Amino acid sequence: MTSEDPLADRLQLDRPHSARVWNFLLGGKDNYAADRQAGEMILQMFPDIALLARLQRRFLVRAVRYLAAEAGIRQFLDVGTGLPTVDNTHEVAQRIAPDSRIVYVDNDPLVLVHAQALLTSTPEGACAYLDADVRDPERILEEATRTLDFSKPIALTMLGILGQIPDSDEPEAVVGRFLDALPPGSYLALSDGTDTNEALNQAISVYNANSASSYHLRGPDRIAAFFEGLEVVEPGIVPTSKWHPEPVDVGRSPSEVDAICGIGRKG
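What comes next concerns the included structure. (Residues numbered from 1 in each chain as written. Predicted model: local features only at pLDDT ≥ 70, side-chain atom pairs only at ≥ 80, totals over all residues. Heavy atoms only, no water.)

1. Remarks on the packing of helix α2 (residues 18–25) against helix α3 (residues 33–45)
For the pair α2 and α3, the least separation of the axes is 9 Å and the interaxial angle reads 60°. Seen along the crossing, α2 lies across α3 with a hand that is right-handed. The segment α2 lies against α3, with R20, V21, F24 and L25 engaging D35, R36, A38, G39, E40, I42 and L43. Looking at the contact of α2 with α3 residue by residue, the classes come out as 6 nonpolar, 1 polar and 4 charged. (Axes fitted to C-alpha atoms, helices over the stretch in contact; angles between N-to-C directions. Helix = DSSP H or I, 4+ residues; strand = E, 2+ residues; numbered from the N terminus. Left-handed = near helix turned anticlockwise from the far one by under 90°. Contact = heavy atoms within 4.5 Å. Nonpolar A, V, L, I, M, F, W, Y, C, P; charged D, E, K, R; others polar.)

Spelled out as structure tokens, the structure:
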């Protein structure tokens with residue numbers, strides 16, 4: 001990879017990127033020095049960020065398992081995929097229903113490289129990857145029709161991605177455009193960090209000042225508003241650690257974390 005390589009230009013290896021920093025916090029190896037430095041800085045200011053990262057990942061597993069096993073969903077639109085790790089959306093869904101079809105969406109070039117190599121489907125199902133920005137739902141939806149049948153229910157997963165969208169880009173409207181295109185019986189699974197902890201607020205502020213991307217923490221009420229018009233699945237919109245928790249060792253027994261999540265059904 002050379003400096004003249006367009007992919008190298010997009011990677012911006014000298015500046016941290018959210019997917020790679022998250023990968024570092026999850027203990028992954030798909031990150032660079034700038035990402036590790038940013039991750040260490042956040043850890044120093046807010047040591048629970050690594051715990052939060054693990055809990056967010058475990059919510060993905062529980063959410064997809066619920067959608068596939070209990071809600072009977074066989075199609076997933078995973079927007080904001082992040083770097084592949086263990087128990088990706090298609091792996092969880094296809095263990096339950098091998099014919100599940102998944103479209104992954106991200107606009108980080110390193111995610112694209114790894115997704116093409118690692119996000120492989122069962123013979124009965126399908127996996128596709130779109131290099132696209134969450135703020136362009138029309139393009140995402142159009143390209144997703146090559147893999148997903150929009151006459152049947154689809155689960156839209158947006159885990160940690162809406163914090164990447166500033167208020168000026170109207171994240172509520174972005175979610176609304178996705179949901180408007182989904183048929184009745186579809187679901188939204190969503191999680192994001194909250195602005196309820198001053199130490200986390202300060203750590204994210206420093207991260208934003210030094211990163212190629214920025215993250216926007218919001219209040220719980222703002223995040224809950226993304227579910228407006230949907231039938232929210234029990235136990236409701238709750239801290240990530242409290243959505244159908246499992247007795248998994250996460251380093252300590254958390255009662256609250258600075259992120260909330262939920263699943264809602266479109267009637």
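Continuing now.
2. Here's the deal with the side chain of T81
Within the secondary structure layout, T81 lies in the loop between β1 (75–79) and α5 (89–96). The contacts of T81, once residues within four sequence positions are left out, are Y104, V105, D106, L119 and Y129.

3. Examining the nonpolar core
Among the nonpolar cores identified, the biggest contains 30 residues, and L77, L156, M158, F178 and L188 are the most heavily contacted of them. Among the elements that line this core, the one with the most residues is helix α8 (residues 171–181), at 4 residues. If we skip the residues at most four places from it in the chain, L188 touches L156, M158, V175, L179, F226, F227, L230, G262, I263 and G264. Core analysis: the next-biggest nonpolar cluster, separate from the first, contains 29 residues, L67, A68, V92 and I102 among them. (Core = buried A, V, L, I, M, F, W, Y, C linked by side-chain atoms within 4.5 Å. Buried < 20%, exposed > 50% of the residue type's maximum accessible area, 1.4 Å probe, protein only.)

4. Observations regarding the pairing of strand β2 (residues 101–106)
Most of β2 is tucked away: 5 of the 6 residues are buried. By the bridge criterion, 5 bridges tie β1 to β2 in an arrangement that is parallel. Within β2, the position partnered with D78 by the bridge is Y104. Summarising the sheet, β2 and strand β3 (residues 126–131) pair through 6 bridges and their orientation is parallel. (Pairing = 2+ DSSP bridges.)

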